[in-house]
Protein chains: 2
Amino acid sequence: MKINVLLHYKRILVCLVLLGYCTTAVSQSGYGLWLDYKKISDASLLNDYQNQIQSVYFPAKSETLDVAREELKLGLDALLGTTTEFSATASSKGTLIVSKFDALDQKIQKNLRKITIPEDGFYIGHVSGNTIITAKEDIGVLYGVFNFLRLLQTQQSIDKLTLLDGPKIDLRILNHWDNLDGTVERGYAGKSLWKWQKLPTYIDQRYIDYARANASIGINGTVLTNVNANAWLLTPGYIDKVAALADTFRPYGVKVYLTARFSAPIEIGQLSTADPLDPEVQQWWKTKIDSVYAKIPDFGGFLVKANSEGQPGPQNYGRTHVDGANMMAEALAPHNGVVLWRAFVYSEHDASDRAKQAYSEFVPMDGDFKENVIIQVKNGPIDFQPREPFHPIFGAMPKTALAMEFQITQEYLGFSTHLVFLPKLFEEVLQADTYQQGKGSLVAKVIDGSLDNHKITAISGVSNIGSDLNWTGHPFAQANWYGYGRLAWNPYLNAEVIAEQWLRSTYSNEEAFVEPMTDLLIESREAVVNYMTPLGLHHIMDTNHHYGPGPWVSELARPEWNPTYYHKTDANGIGFDRTQKGSGAVLQYADPVAQRFEQLDQCPENLLLWFHHLPWDYTLSDGQTLWNSIGLHYQKGVDQVRDMLKVWEQMSPYVDALSHKEVRMLLDIQLQEAIWWKDACMQYFHQYSKLPFPEGMEKPEHSLDYYKSLKHPYAPGI
Amino acid sequence: MKINVLLHYKRILVCLVLLGYCTTAVSQSGYGLWLDYKKISDASLLNDYQNQIQSVYFPAKSETLDVAREELKLGLDALLGTTTEFSATASSKGTLIVSKFDALDQKIQKNLRKITIPEDGFYIGHVSGNTIITAKEDIGVLYGVFNFLRLLQTQQSIDKLTLLDGPKIDLRILNHWDNLDGTVERGYAGKSLWKWQKLPTYIDQRYIDYARANASIGINGTVLTNVNANAWLLTPGYIDKVAALADTFRPYGVKVYLTARFSAPIEIGQLSTADPLDPEVQQWWKTKIDSVYAKIPDFGGFLVKANSEGQPGPQNYGRTHVDGANMMAEALAPHNGVVLWRAFVYSEHDASDRAKQAYSEFVPMDGDFKENVIIQVKNGPIDFQPREPFHPIFGAMPKTALAMEFQITQEYLGFSTHLVFLPKLFEEVLQADTYQQGKGSLVAKVIDGSLDNHKITAISGVSNIGSDLNWTGHPFAQANWYGYGRLAWNPYLNAEVIAEQWLRSTYSNEEAFVEPMTDLLIESREAVVNYMTPLGLHHIMDTNHHYGPGPWVSELARPEWNPTYYHKTDANGIGFDRTQKGSGAVLQYADPVAQRFEQLDQCPENLLLWFHHLPWDYTLSDGQTLWNSIGLHYQKGVDQVRDMLKVWEQMSPYVDALSHKEVRMLLDIQLQEAIWWKDACMQYFHQYSKLPFPEGMEKPEHSLDYYKSLKHPYAPGI
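Since this is a predicted model, take the numbers as computed values, not measurements.

Thresholds applied
- Residues numbered from 1 in each chain as written.
- Chains lettered and ligands numbered in written order.
- Predicted model: local features only at pLDDT ≥ 70, side-chain atom pairs only at ≥ 80, totals over all residues.
- Heavy atoms only, no water.
- Helix = DSSP H or I, 4+ residues; strand = E, 2+ residues; numbered from the N terminus.
- Rg over C-alpha atoms; globule rule 2.2 N^0.38 Å.
- Buried < 20%, exposed > 50% of the residue type's maximum accessible area, 1.4 Å probe, protein only.
- Contact = heavy atoms within 4.5 Å.
- Lys, Arg positive; Asp, Glu negative; His and termini not counted.
- Charge placed at Lys NZ, Arg CZ, Asp CG, Glu CD.
- Phe/Tyr/Trp six-rings, centres within 6.5 Å; stacked < 30°, edge-to-face > 60°.
- Lys NZ or Arg CZ within 6 Å of the ring centre and 35° of its normal.
- Axes fitted to C-alpha atoms, helices over the stretch in contact; angles between N-to-C directions.
- Parallel < 35°, antiparallel > 145°, perpendicular 65-115°, else oblique.
- Nonpolar A, V, L, I, M, F, W, Y, C, P; charged D, E, K, R; others polar.
- Salt bridge = Lys/Arg side-chain N within 4 Å of Asp/Glu carboxyl O.
- Expected span 1.5 Å × (residues − 1).
- Polar contact = N/O pair within 3.5 Å; in protein donor to acceptor, adjacent residues only side chain to side chain.
- Pairing = 2+ DSSP bridges.
- Patch = residues over 30% accessible without salt bridge, like charges linked within 9 Å, V, L, I, M, F, W, Y side chains within 5 Å.
- Areas by Shrake-Rupley, 256 points an atom, 1.4 Å probe, with all protein chains shown as cover.
- pLDDT = per-residue confidence, 0-100.

Engineer: Which residues make up the overall build of chain A, and what values do they have?
Structural biologist: Looking only at helices and strands, chain A has 22 helices and 15 strands in total. Radius of gyration (C-alpha) of chain A: 26 Å, near the 27 Å computed for a compact globule of 718 residues. Scored against the burial criterion, the 718 residues of chain A give a buried share of 66%. Restricting to contacts in chain A with at least 6 residues of sequence separation, those with at least 24 account for 72%. Measuring between centres, the 63 positive side-chain charges of chain A sit 5 Å from its 82 negative side-chain charges.

Engineer: Give me the lowdown on unusual backbone geometry, citing residues and values where you can.
Structural biologist: Residue and element names in this part refer to chain A. Cis geometry marks the peptide bond from leucine 199 to proline 200, where omega comes out at 0°. Along the chain, proline 200 turns up in the loop between strand S6 (171–175) and helix H6 (205–217). Look at the link from aspartate 591 to proline 592: it is a cis peptide, with omega at 5°. Of note in this structure, arginine 186 is not a glycine but carries a positive phi near 60°. Its place among the elements puts arginine 186 in the loop between S6 and H6. Its relative accessible area of 9% is what places arginine 186 among the buried residues.

Engineer: For the environment of A:Val446, give the residues involved together with the corresponding values.
Structural biologist: Residues and elements named next belong to chain A. Secondary-structure assignment places valine 446 in helix H13 (residues 443–447). Placed 45 residues apart in sequence, valine 446 and alanine 401 show a C-alpha to C-alpha distance of 8.7 Å. In this structure, valine 446 is in contact with Phe394, Gly395, Leu402, Leu451 and His454, ignoring residues within four places of it in sequence.

Engineer: For the packing of aromatic side chains, give the residues involved together with the corresponding values.
Structural biologist: Across all of its chains, the model carries 84 aromatic pairs over all chains by this definition. Where A:Tyr565 meets A:Phe576, the ring centres are 5.7 Å apart and the plane angle is 75°; that geometry is what we call edge-to-face. Within this pair, whereas A:Tyr565 is found in helix H17 (residues 563–567), its partner A:Phe576 is found in the loop between strand S14 (573–574) and helix H18 (593–598), the two being separated by eleven residues in sequence. Taken individually, A:Tyr565 and A:Phe576 each receive the classification buried, so the pair is uniform in this respect. The ring of B:Phe86 carries B:Arg69 above its face, with NZ or CZ at 4.0 Å from the centroid. Of note, B:Lys568 hangs over the ring of B:Tyr565, and the distance from its end group to the ring centre comes to 4.5 Å.

Engineer: If you had to explain the packing of helix H6 (residues 205–217) of chain B against helix H14 (residues 478–489) of chain B to someone new, which residues and values would you point to?
Structural biologist: Residue and element names in this part refer to chain B. Two numbers describe how H6 lies on H14: the axes approach to 8 Å, and their chain directions differ by 45°. Taken together, H6 and H14 sit at an angle that is classed as oblique. On H14, the residues that touch Tyr210, Ala213, Asn214 and Ile217 of H6 are Trp481, Tyr482, Gly485, Arg486 and Trp489. Of the residues assigned to the contact of H6 with H14, the class counts are six nonpolar, two polar and one charged.

Engineer: Describe the pattern of salt bridges, naming the residues involved and giving the relevant values.
Structural biologist: In the structure shown here, the tally under the stated rule is 58 salt bridges over all chains. Here A:Glu526 makes a salt bridge to A:Arg387, at a shortest N to O gap of 2.8 Å. Taken as a pair, A:Glu526 in helix H16 (residues 511–532) and A:Arg387 in the loop between strand S11 (373–378) and strand S12 (401–407) lie far apart in primary sequence, 139 residues in all. A:Arg387 gets classed as buried once you look at its relative accessible area, which sits at 3%. With a closest N to O distance of 3.1 Å, B:Asp639 and B:Arg642 form a salt bridge. Taken together, the residues B:Asp639 and B:Arg642, both in helix H20 (residues 626–650) and three residues apart, mark about one turn of the helix.

Engineer: Please set out helix H15 (residues 495–506) of chain B residue by residue, giving values where relevant.
Structural biologist: Residue and element names in this part refer to chain B. If you check H15, its first and last C-alpha atoms are 16 Å apart, about what twelve residues at 1.5 Å a residue would give, namely 16 Å. Inspection of H15 places Ala495, Ile498, Ala499, Gln501, Trp502, Leu503, Arg504, Ser505 and Thr506 among the buried residues, and these make up the whole buried set. On its buried face, H15 is in contact with helix H5 (138–153), helix H12 (423–430), H14 and helix H16 (511–532). N-cap assignment for H15: the residue whose side-chain oxygen lies 2.6 Å from the backbone N of glutamate 496 is asparagine 494.

Engineer: Lay out the sheet that holds strand S10 (residues 338–342) of chain B with the relevant residues and their values.
Structural biologist: Residue and element names in this part refer to chain B. Read once around its circumference, the closed barrel built from eight strands follows the order S6-S7-S8-S9-S10-S11-S12-S13, with strand pairing classed as parallel. Neighbour-to-neighbour, the strand axes of the sheet open up by a mean angle of 25°, direction not taken into account. Relative to strand S13 (residues 458–462), strand S6 (residues 171–175) runs parallel, the two being bridged by five bridges. For isoleucine 173, the partnering residue across the bridge sits in S13 and is serine 460.

Engineer: So what's going on with a negative patch on the surface? Which residues, and what values?
Structural biologist: Residue and element names in this part refer to chain A. Residues Glu496, Glu515, Asp519 and Glu523 make up a contiguous surface patch of negative charge. Ranked by residues supplied to the negative patch, first place goes to H16 with three residues. Looking at where glutamate 515 falls in the secondary structure, it is placed in helix H16.

Engineer: I'd like to hear about the confidence of the model for chain A, residue by residue, with values.
Structural biologist: Residue and element names in this part refer to chain A. Per-residue confidence for chain A averages 95 on the pLDDT scale, and 96% of its residues sit at or above 70. The low-confidence segment residues 1–27, where pLDDT is below 50, has 78 contacts with residues more than four positions distant or belonging to other chains. As scored by the predictor, the complex reaches a pTM of 0.95 and an ipTM of 0.94.

Engineer: An account of the pairing of S10(B) is requested, with residue identities and associated values reported.
Structural biologist: Residues and elements named next belong to chain B. Burial of S10 is extensive: five of the five residues sit out of reach of the surface. Burial along S10 is two-sided: Val338, Leu340 and Arg342 and Val339 and Trp341, pointing in opposite directions, are all buried. In the sheet, strand S9 (residues 301–304) pairs with S10 via four bridges, with the strands oriented parallel. When the bridges of S10 are listed, glycine 301 appears paired with valine 338.

Engineer: Which residues make up the sheet that holds strand S10 (residues 338–342) of chain A, and what are the values?
Structural biologist: All names here are of chain A. Taken in spatial order, the eight strands line up as S6-S7-S8-S9-S10-S11-S12-S13 and close into a barrel, and their pairing is parallel. For this sheet, the mean inter-axis angle between neighbouring strands, taken without regard to orientation, is 25°. Note: S11 against S12, five bridges, orientation parallel. Bridge assignment links isoleucine 375 to a residue of S12, and that residue is leucine 402.

Engineer: Residue-level account of the pairing of S12(A), with values.
Structural biologist: With seven of seven residues buried, S12(A) lies mostly within the body of the structure. Here S12(A) shows no split at all, with A:Ala401, A:Ala403, A:Glu405 and A:Gln407 on one side and A:Leu402, A:Met404 and A:Phe406 on the other all buried.

Engineer: Lay out the side chain of B:Lys241 in plain terms, naming residues and giving numbers.
Structural biologist: Summarising the element assignment, B:Lys241 is placed in helix H7 (residues 236–249). Comment: no salt bridge for buried B:Lys241; closest opposite-charge side chain is A:Glu673, at 7.7 Å. Contacts of B:Lys241, omitting those with residues within four sequence positions, involve B:Trp196, B:Gln197, B:Leu199 and B:Pro200.

Engineer: Can you lay out the side chain of B:His546 for me, pointing to particular residues and giving the numbers?
Structural biologist: Residues and elements named next belong to chain B. Its place among the elements puts histidine 546 in the loop between H16 and helix H17 (563–567). Note on histidine 546: relative accessible area 10%, which makes it buried. A distance of 2.8 Å separates the side chain of histidine 546 from the side chain of glutamate 411, its partner in a polar contact. Contact partners of histidine 546, with chain neighbours within four places excluded, come to Arg186, Glu411, Tyr412, Phe415, His539 and Met541.

Engineer: Got a sec to walk through the environment of B:Ala527? Specific residues and values, please.
Structural biologist: Residues and elements named next belong to chain B. Positionally, alanine 527 belongs in helix H16. Taking the C-alpha atoms as reference points, alanine 527 and arginine 113, separated by 414 residues in sequence, lie 49 Å from one another. When sequence neighbours within four positions are dropped, the list of residues in contact with alanine 527 reads Gly637 and Gln640.

Next up, the structure:
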């Protein structure tokens, strides 16, 4: 049986609960995530729960069922403040029955005959005075247990419960951009979790706790390594290490994937080429992949970044993405492995709008990829900005499996210092209507396969997890890991619901806490847009590390690496003309989306400068000039952070003192940096507009030269 | 008042103690270090303690006294299982009185008039039925409190206690080799603790817990950054960040030091030279140092690695170490700052034995350094090997303040995977007799200043601390941080006493645990010598990362970077001839030490091949040939690790299950790697000796080619 740090912490909590004393202390480090089960504070609800769960009948006979049973005990002991009784039969009333469906008593099976439990899903309901958690597979039982505990954690009634739920997307994956040297590209939460040198013998307790946390939100796959890949990872010694991780994650239903460096046949295989049409190369990959499966029978597959930002790929040999992806797919297919092939490409040899390039390159290949190839597409056409329109590829490749790639780590959104609730951003993308098959062709329907009847569906989130005590650096960044998992399970979930569930599970069920904090989380995303890139501005972060503003950066080798490329500020105005008169990027969207973006009067103002270059005196819907509106948006972002600070100050009764102080310090920095963004950008734009700063905008504290002089050569994440 | 994570954990423990339940659970992550106060298990002793500490009188009126008072409450609450009563007076018997001496009641002062409390030290004793902890300074009170709690933790009687103690070395410093990008050179425990990007606003709770842990063992200084220094650290933005750390550490008596890059005047000062005799350069350093003190009034000073392994220094301008160190010292002197100037130099232009070079370069400068310059000397003449003779500089520069530099991080001793108790190594060095002023001229007496009446004394330990949950990677590596601190306080302490105190404080006071585990810790150092570098072998680790064996490495650019330089194996034999007929390094030692190392029949066998090149059939004192003895030493090292595993298996009743499993996995790796060392080295030496492996030595598992083929490009710490 696996032993669990959190479980031991829970045992302490049980003691505490019995004493009614210092019940939040254990969660202060943040290590416990949203799984820090606390005793139900509402006495009548507690009584109700206790009556309904007088004992548990849970026959467990597999690794996965064992961890589910352990989790249930851990949770119930803490939540109910009792020692859970496990009974050998389900005879008496008030029993919680947890079992795979086919192991249920025949009478109960008959009773539930009308219920069709979805694959990997579960059913929670009542039969003859007992509560039942059941599923077709072991993993469904584990998911059911976690969901049942979440109901209790968030103090939902379980009186007349009938809950049938299952994942809408098959592969719900985290992408770790972790390097073999322990650094994490765009990581702001410490080192990589993977201690390669000590693997395979040493299994860090964190690996188990990581798998458990992922299972609790339905994540079922993890790409261990950076998309900027290292061939060394595919040598036998490392495969042994990966296998040890796979063994550790297996009971929790989390499969392991790796990033494959396209030139590996040369670098570790001593071949002279990595040409995907070369039979020797094909054989090398087959042999390699067979050897991986010999160690890891349920290996998930490869994630590949090819011919992108200097990574090798099939184009190095005059071949196409199809050639490259299909070669790997063929070698993986016999083992049911997949290739996640990234569409994040833009070429230094292509002078056209970078926003157009992935679409231009990939859409013509629709239908050419093998069935186990999934094209992984970032949420927007540029690169994980605070706001982008949805990526035009979504809906435009109906014959190809498309995975969404979200970025959970906040590369462009304030690192692990800024409180930004990303599910709000994710929701906006998933709910966007592509109109590719008429109204209602939501991005979510592309991703879950329902729009185009795809056989495999997938979603990836670039991890924000590291070795920091609290996993994610900012305690509230845990909500982004959590929210990503919840949306990967069900891309139609509401961001507010997610926020509320996370807040209740992590901190408190007090309404005086939950309500204002839900509002704060929801508003936090618009705040970062306002103080960084309002009105459709994008990619004006300082170069390379992307820390702070750098709208003046203009001298990098590739034009599309420069912020000036994106905002195109001049004496006349600001913005990137992507209309038909401009780069024509709007044409990559289906009508009426293309029309909406094209037409100034229809274009959403929050994407205005993404699609249009407009004069400073252009008048917005509220009557403000563009210049004034930009300034007032920056100001609003700053004010929103001030409001967040005020709200947080009032939350001290509901949060332990240490955690409260920690978040306050982080919000202090967020405010400083929001002001920095406002002042630096407005000073910069001011040199072109020559207009006075709008009334209501606080004047910049320093000169433009001052902001340009700030250098951060050791900003984290690079 | 500072809030403390550990304090909160303690509050939980109190609850647990009241329940008599799961008392070790909190300490399982290892975050609590040796300060995880547990309730006294011996009932009669507990009763005794409770009687003697019925209440506490502790008037606290400074930041340092506040943390001392908080610590005392934390400790007593947990250890005694009660809520400590603080009284407003010291009237009744059974009161613990904690106070600065001059604030004590006049009667008590009179009673203690014969006691002379050492500077920064404390007195613990009894007056009229009360226990007293007193000191001249606030920091002495804090040290007294920690020492008193240690007495209780280790279950010592406090009945007739009279304890007068003070530090024997002034500056007791940790050296962090932490880079500004968060990596740690030779770090095996995660990332740097210092989150530069979030400083100065965000004060990680770990900074406070770090300072507290250091104060508990008497460490009073910390060099935050790598000796391979970065000039950027001295820019104003970073000084603000450093000041925030200094403010955080100040209540705990821990001063901040920085590493100064010698070329900083060029790199960040826009000067054209860093010549220490250039008035502009001198002025630049004065201005820079004044600006540091404006922010950090108690700044400790600089640690400098100059003209060593590519670092810039005064020799770049035809100047000497004296010129360089004195220039900085002059600028620091008005602020009472010091320069720690490292003697770790060896030149690519000097073909002589590397072991001789630091002595050759520095000893002639004895007497030329300013009073606030301290020359920091590694414990041995090469580089932190499992065993070296003491450095010949010790005792040879009587007119110069000399600091010891120990390495706590296990660069050459198995990283954070091998259990090696380093205080045993430190003790061996400190107890070595230099004979520089006749018998009894111990290295410890050089370091504590008693041999040469030095005004400033200092000791440095290269930190093994990182962001890992348990601080040091291996849970037992905490003992090396602890033991370094204890020896820095008192370099005459016995390693066994330290081992026992640490074991009792960290794990258990059960004799069945303490006795075998003390033996295990003490033996662990000889084990690593045996399976890595027996009989005086040294520096045969694989290159660069120093992970595993690499005796065959011979093609690095500088001869003294190659293991072959150090073992000089050939058909005739093995070892480095440093006698008068060889490199003459023995002559750097005073007689009779030089004679002892020179004479084969007197040379300690554990340093034999350090000083002598000997034929394979040379006969050792036990009648074995050299060849056989080498093999049997390697085997003994392996067997010792097997024994450690066996002992550890028996310790499961005294250690929580998670921690027990963790250490067992690490010992498993240690055994694998010990065998790897034996097999690889013996296969390599075998090609020269051509002799059969000795009886009793397990045959190598693989060929030499196999061991040579192993590559570890991503080994940690580089």
